[in-house]
Amino acid sequence: MDSLKILEQEAGAEIKVYLISGRLDESTFPFFREKVLEVKHANNTVLNLSDLKYVSSSGIRAIFELKNRLTQEGKKLLLTEAGEKVIQIFNLLGLWKPFAHFEKEEDAIAACLKN
């Protein structure tokens, strides 16, 4: 069984980066909720999706829930380094455009530092 791994790191005073690896689906959603959704967030949260192998509609819903929560708190969510398969699933559901997304993690962090 593929699992979900989440590595958390600080990238500045108000920037937290999560490296998401493996599969984000219904079976791994509780772990994502515990490690990412239900924590106190910095002003800027970056999800690095470079090692995300698969995301289901449940996983996308979890990311969208995070985006909505942060927006309500006046904070930002940025996605970075998503693979082609992951982008295709977002696009299939018509949900890629609402997200700020960057090709490289450094670009996402630079965007956070500008604001």
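Residues numbered from 1 in each chain as written. Predicted model: local features only at pLDDT ≥ 70, side-chain atom pairs only at ≥ 80, totals over all residues. Heavy atoms only, no water.

- As recorded in an unreviewed UniProt entry, the protein goes by Anti-sigma factor antagonist and comes from Leptospira semungkisensis.

Here's the deal with the environment of L7
Okay, so step 1: Residue position: L7 is located in strand β1 (residues 4-12).
Okay, so step 2: We classify L7 as partly exposed; its relative accessible area is 48%.
Okay, so step 3: When the C-alpha positions of L7 and E34 are compared, they lie 13 Å apart, and in sequence the two are 27 residues distant.
Okay, so step 4: With near-sequence residues (within four places) excluded, L7 lies in contact with V17, Y18 and L19. (Helix = DSSP H or I, 4+ residues; strand = E, 2+ residues; numbered from the N terminus. Buried < 20%, exposed > 50% of the residue type's maximum accessible area, 1.4 Å probe, protein only. Contact = heavy atoms within 4.5 Å.)

Digging into unusual backbone geometry
Okay, so step 1: Of note, E81 is a non-glycine position whose phi angle comes to about 60 degrees, a positive value.
Okay, so step 2: Tracing the backbone shows E81 in the loop between β4 (76-80) and α3 (84-92).

Considerations on the pairing of β4
Okay, so step 1: Taken across its five residues, β4 has four buried, putting it largely inside the fold.
Okay, so step 2: Sheet analysis places strand β3 (residues 44-55) next to β4, joined by five bridges and oriented parallel. Bridge pairing in β4 places L47 opposite L79.
Okay, so step 3: Taken together, β3, helix α2 (residues 57-72) and β4 form a β-α-β motif whose crossover is right-handed.
Okay, so step 4: Note that β4 and strand β5 (residues 100-102) share three bridges and pair parallel. Considered in β5, the bridge of L78 is made with A100.
Okay, so step 5: With respect to chirality, the unit in which β4 leads through α3 into the neighbouring parallel β5 is right-handed. (Pairing = 2+ DSSP bridges. Right-handed = clockwise from strand over helix to strand, strands pointing away.)

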